[in-house]
Amino acid sequence: MKNKIYFLLTWLMLVATGCSADEPQKESTETPQVEEPEEPSGNRKILVVYFSHTGNTRTIAEYIHETVKSDLVEIKTVDTYTDDYETLLAQAREEVAAEYCPPLETSVENISSYDVVFIGYPIWVETAAPPIRSFLNTHELVGKTVVPFCTSGTSSAEASYNLIRSLCPQSEILEGIQIRRGTYDTAYERIVAWLQEIGIVELNNGV
Ligand SMILES: Cc1cc2nc3c(=O)[nH]c(=O)nc-3n(C[C@H](O)[C@H](O)[C@H](O)COP(=O)(O)O)c2cc1C
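Owing to the predicted nature of the structure, the values given are computational and were not obtained by experimental measurement. (Residues numbered from 1 in each chain as written. Predicted model: local features only at pLDDT ≥ 70, side-chain atom pairs only at ≥ 80, totals over all residues. Heavy atoms only, no water.)

(A) View of the environment of H65. Within the secondary structure, H65 is located in helix α2 (residues 56-68). Sequence separation of H65 and V49 is 16 residues, and the distance between their C-alpha atoms is 9.3 Å. Those residues in contact with H65, other than ones at most four positions away along the chain, are V48, S70, D71 and L72. (Helix = DSSP H or I, 4+ residues; strand = E, 2+ residues; numbered from the N terminus. Contact = heavy atoms within 4.5 Å.)

Right, here's the structure in full:
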């Protein structure tokens, strides 16, 4: 009898705790079981090219590069951007408003050999950082598949996708992915799932 009362009390406590309004809500950040992707589907030659100022976009570019077994190129500007946030923000606002194309140190000479080009960037002033405009204006992507990816604070990525669509009118632009601040713990799994959704990688059957 004592045992029965003890179990009943324990059960009541658990139920009560589970319904408590004060309990922190578990965020959907649990690592999902991700099946191992195999080589990219088909024999498409893939390039992952990215600009990154503080390293976030580089991390994502490396995830994609490892998963799709691509070449990887970092876009570097001739003049390096300052690390002082306020100064950089003021400069970025001016560059975005003027549709300025900062000169690039990077040139992908064999761009014509790629079938799929992933383009990565941070969102600056609600759109793609200016070096992306420079890259797209100096590299011919007609007839290629272009796949945007970006990192950001809380802004939408839509304006940056529109920019890429307007600068690559004769490319097939696939659905992009945006990794927002504070969500990096699940970024890898989301990237693998996205790469499958857009048909860039296939799953190993039965794994
Ligand atoms: C100059 C500047 C402007 C930014 N503007 C925005 C913005 O408009 N919206 C946003 O969500 N994040 C904005 N951010 C935050 C970056 O998008 C974010 O920190 C990104 O992950 C940085 O990528 P990186 O480490 O590859 O440079 C801005 C950052 C900088 C430095």
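Structure's up, so let's keep going.
(B) Fine view of the pattern of salt bridges. If you walk through the whole model with that rule in mind, you get three salt bridges. Close ionic contact of R58 with E74 constitutes a salt bridge, the shortest N to O distance being 2.9 Å. Taken together, the residues R58 in helix α2 and E74 in strand β3 (residues 71-74) connect sequence positions 16 residues apart. The class for R58 is partly exposed, based on a relative accessible area of 28%. For E99, the salt bridge is made with R133, and the minimal N-O distance between the two is 3.9 Å. With E99 in the loop between α3 (85-97) and β4 (116-124) and R133 in helix α4 (residues 130-138), this residue pair connects regions lying 34 residues apart in the sequence. (Salt bridge = Lys/Arg side-chain N within 4 Å of Asp/Glu carboxyl O. Buried < 20%, exposed > 50% of the residue type's maximum accessible area, 1.4 Å probe, protein only.)

(C) Local environment of the pairing of strand β2 (residues 46-50). Counting buried positions along β2 gives five out of five residues, so the element sits mostly inside the fold. Neither face of β2 is exposed, since I46, V48 and Y50 on one face and L47 and V49 on the opposite face are all buried. By the bridge criterion, five bridges tie β2 to β4 in an arrangement that is parallel. Paired with I46 across the bridge in β4 is V116. (Pairing = 2+ DSSP bridges.)

(D) Here's a closer look at the pairing of strand β6 (residues 145-152). In terms of burial, β6 is a largely internal element, eight of the eight residues being buried. Of the two faces of β6, both are covered, the one formed by T145, V147, F149 and T151 as well as the one formed by V146, P148, C150 and S152. Examined bridge by bridge, β4 and β6 share seven bridges and lie parallel to one another. Each residue of the ladder has a partner; that of P122, found in β6, is T151. Relative to strand β7 (residues 172-173), β6 runs parallel, the two being bridged by two bridges.

(E) A look at the nonpolar core. In terms of nonpolar packing, the biggest core is built from 29 residues, with V117, I119, Y121, I132, F135, L136 and L141 touching the most fellow members. Mapped by element, the contributors of at least two residues to this core are β2, α3, β4, α4, β6 and α5 (158-167). It is β4 that provides the largest number of residues to this core, a total of five residues. In this structure, L136 is in contact with I119, L141, I164, L167 and C168, ignoring residues within four places of it in sequence. Within the second largest apolar cluster, 21 residues are counted, among which are I46, W194, I198 and V201. (Core = buried A, V, L, I, M, F, W, Y, C linked by side-chain atoms within 4.5 Å.)

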